[in-house]
Amino acid sequence: MKKIVAWKPLPEDVLAYLQQHAQVVQVDAAQHDTFVAALKDADGGIGSSVKITPAMLEGATRLKALSTISVGFDQFDVADLTRRGIVLAHTPDVLTESTADTVFSLILASARRVVELADWVKAGHWQHSIGPAQFGVDVQGKTLGIVGLGRIGGAVARRAALGFNMKVLYTNRSANPQAEAAYGARRVGLAELLATSDFVCLQVPLTAETKHLIGAAELKSMKKSAILINASRGATVDEAALIEALQKGTIHGAGLDVFETEPLPADSPLLKLANVVALPHIGSATHETRHAMARNAAENLVAALDGTLAVNVVNREVLAA
Ligand code: NAP
């Protein structure tokens, strides 16, 4: 019987499904040596939120497929997996809408100061009717710049254009004609997007090219009234530069779901800033979506081990070989 290593707790029905196809060994990724030892005689692996390095796969000669319970695959060295003939599967689409909801809640919460003012009410400060000191800024009718308009960016663009009457700009390496036709999105260079957007929303994957895509210079080129939203990966933004920009008022505020170090350290200056909404990486974190992702990843893994997986493959070259 085939052996699968799971380094993330799985819903009961998903675990039962996998057990119909293989012996499932559940490991705690924090127990590094046990985890690596389990990979050595496994045929497949499933999990998320843990960096899987080439060193961890040395001697894992039976390993045929890894399945991440996420759409992002920056935790893997894809070229190394391909060299080893290991298929990498991921879970696009099932999390697109719930992640776009998270992005939009960051936009609204940052602009309308929802978290800050809800805390203010709970602290007993609402003694008189509110005034300009509690006002926010409009979202509807403003310009949203999406850096990386793919699946999630497209779902954000739909909410923005059709729900909030926003003008949508985007940067991609290639055009997205569907978003242009459906939401009037206009493709511009990053410089123009940064200079003209009221909300700059990052939805690119984390790659060597997108690491620190937004640094001090980019923040400086944004409007002073602009709000930065990041629900991609923490490292797409130079966090030290962002902290400085928020402290100095270079930009108006930020809504962040992801950070360079997660969990966000308790002494992060971001936690002291009133113009920051910080969430604990909840992009896709609804009961429904997390269940669908686990199910999808399990099905991807079983199909990959059977040699029948045709979709959701990161490194198609392995299938061709
Ligand atoms: P996707 O459909 O592949 O979209 C990514 C977009 O980024 C594409 O339009 C792509 O267009 C663009 N892009 C890639 N490299 C670029 C570059 N160097 N410069 C400019 N644009 C670039 O992926 P998705 O499903 O929307 O997911 C996007 C990312 O969101 C994931 O990789 C993941 O890191 C993150 N995510 C976060 C959460 C969360 O919990 N916060 C949840 C889900 C996903 P081109 O290829 O034409 O450049």
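As recorded by an unreviewed UniProt entry, the protein carries the name Glyoxylate/hydroxypyruvate reductase B and is attributed to Paraburkholderia dioscoreae. In its Sequence similarities (unreviewed entry) section, UniProt records this for the protein: "Belongs to the D-isomer specific 2-hydroxyacid dehydrogenase family. GhrB subfamily."

Novice: What exactly am I supposed to notice about the overall build of the protein here?
Specialist: Each helix and strand counted, the protein has 13 helices and 12 strands in total. Relative to the 2.2 N^0.38 estimate, which gives 20 Å for 321 residues, the radius of gyration of the protein is 21 Å and therefore close to what a compact globule would have. For the protein, the spread of C-alpha atoms along the principal axes amounts to about 70 × 45 × 35 Å. Taken over 321 residues, the protein has a buried fraction of 48%. Working note: accessible area of the protein is about 15,200 Å², and carbon and sulfur atoms make up 55% of it. Of the side chains in the protein, 30 bear a positive and 32 a negative charge, and the two mean positions are spaced by 4 Å.

Novice: I would appreciate a short explanation of the sheet that holds strand β2 (residues 23-26) in the present structure.
Specialist: Sheet strands associate in pairs through backbone hydrogen bonding, adopting either a parallel or an antiparallel arrangement. Pairing within the open sheet is parallel, and its five strands lie in the order β2-β1-β3-β4-β5. Since the sheet does not close on itself, it has two edges, and those belong to β2 and β5 (87-89), each with one partner. Within the sheet, the average angular offset between the axes of one strand and its neighbour, ignoring direction, is 20°. Strand direction decides the pairing type here: strand β1 (residues 3-6) and strand β3 (residues 44-47), joined by three bridges, are parallel. The residue bridging valine 5 from the neighbouring strand is glycine 45, located in β3. Contacts from helix α1 (residues 12-19) reach β1, β2 and β3 within the one sheet, and its direction differs from that of β2 by about 135°.

Novice: Whenever I open this one, helix α7 (residues 151-164) confuses me. Can you help?
Specialist: Residues spaced three or four apart along an α-helix face the same direction, because each turn holds 3.6 residues. In a regular helix each residue adds 1.5 Å, so 14 residues correspond to 20 Å; α7 covers 19 Å between its end C-alpha atoms and thus fits that length. Looking only at α7, the buried set comprises Ile152, Gly153, Gly154, Ala155, Val156, Ala157, Arg159, Ala160 and Ala161. Packed against the buried residues of α7 are α5 (96-112), β6 (143-147), β7 (167-171), α8 (177-183) and β9 (199-202). A positive backbone phi angle near 55° is found at asparagine 165, which sits one or two residues after α7.

Novice: Just checking my understanding: could you explain the UniProt feature "domain: D-isomer specific 2-hydroxyacid dehydrogenase NAD-binding" (unreviewed entry) in the protein for this structure?
Specialist: The positions that UniProt labels "domain: D-isomer specific 2-hydroxyacid dehydrogenase NAD-binding" (unreviewed entry) are, in the present scheme, residues 104-283. From the first C-alpha to the last, residues 104-283 spans 10 Å; its make-up is 34% helix and 15% strand.

Novice: Explain the sheet that holds strand β12 (residues 276-278) here, please?
Specialist: Ordered by their spatial adjacency, seven strands build an open sheet running β8-β7-β6-β9-β10-β11-β12, and the pairing between neighbours is parallel. For this open sheet the edge positions go to β8 (186-187) and β12, each flanked by a neighbour on one side alone. As judged from the five bridges shared by β6 and β7, these two strands associate in the parallel manner. Within β7, the residue paired with glycine 145 across the bridge is leucine 169. Where α5 meets the sheet, its contacts fall on β6, β9, β10 (227-230), β11 (253-256) and β12, and the angle it forms with β10 comes to roughly 155°. Where α7 meets the sheet, it contacts β6, β7 and β9, and its direction lies at approximately 175° from that of β6.

Novice: What should I look at first to understand the pattern of salt bridges in this one?
Specialist: Pairing between side chains of opposite charge can happen when the charged atoms of each approach one another. This model, assessed by the stated rule, comprises 16 salt bridges. Two residues, lysine 223 and aspartate 198, come together in a salt bridge whose shortest N-O distance is 2.8 Å. Of this pair, lysine 223 sits in the loop between α10 (216-221) and β10 while aspartate 198 sits in the loop between α9 (190-196) and β9, placing them 25 residues apart in sequence. Via salt bridges that share partners, Glu58, Asp80, Arg83 and Arg84 belong to a single interconnected network.

Novice: Even after reading the chapter, I still don't get the pairing of β11, so can you show me in this structure?
Specialist: As a general feature of sheets, a regular strand has side chains that alternate between the two faces. Burial along β11 is two-sided: Gly253 and Gly255 and Ala254 and Leu256, pointing in opposite directions, are all buried. Judged from the four bridges that link them, β10 and β11 form a sheet pairing that is parallel. Residue pairing across strands places asparagine 230 opposite leucine 256, the latter belonging to β11. Of the crossover connections in this fold, the one passing from β10 over helix α11 (residues 239-248) to the parallel β11 is right-handed. In the sheet, β11 pairs with β12 via three bridges, with the strands oriented parallel. Following the sheet pairing, alanine 254 is matched in β12 by valine 276.

Novice: Whenever I open this one, the packing of α1 against helix α12 (residues 287-306) confuses me. Can you help?
Specialist: Packed helices, taken two at a time, are described by their axes: the angle between them and the distance between them. Following both chains from N to C, one finds α1 and α12 inclined at 5°, their axes separated by 9 Å at the closest point. When the interaxial angle is binned, α1 and α12 end up roughly parallel. For the pair α1 and α12, the contacting residues are Asp13, Val14, Tyr17 and Leu18 in the first and His291, Ala294, Arg295, Ala298, Glu299 and Val302 in the second. In terms of residue class, the contact of α1 with α12 is built from six nonpolar, one polar and three charged.

Scoring rules and cut-offs
- Residues numbered from 1 in each chain as written.
- Predicted model: local features only at pLDDT ≥ 70, side-chain atom pairs only at ≥ 80, totals over all residues.
- Heavy atoms only, no water.
- UniProt positions renumbered as here; feature names shortened; annotations may be inferred.
- Helix = DSSP H or I, 4+ residues; strand = E, 2+ residues; numbered from the N terminus.
- Rg over C-alpha atoms; globule rule 2.2 N^0.38 Å.
- Buried < 20%, exposed > 50% of the residue type's maximum accessible area, 1.4 Å probe, protein only.
- Areas by Shrake-Rupley, 256 points an atom, 1.4 Å probe, with all protein chains shown as cover.
- Lys, Arg positive; Asp, Glu negative; His and termini not counted.
- Charge placed at Lys NZ, Arg CZ, Asp CG, Glu CD.
- Pairing = 2+ DSSP bridges.
- Axes fitted to C-alpha atoms, helices over the stretch in contact; angles between N-to-C directions.
- Contact = heavy atoms within 4.5 Å.
- Expected span 1.5 Å × (residues − 1).
- Salt bridge = Lys/Arg side-chain N within 4 Å of Asp/Glu carboxyl O.
- Right-handed = clockwise from strand over helix to strand, strands pointing away.
- Parallel < 35°, antiparallel > 145°, perpendicular 65-115°, else oblique.
- Nonpolar A, V, L, I, M, F, W, Y, C, P; charged D, E, K, R; others polar.

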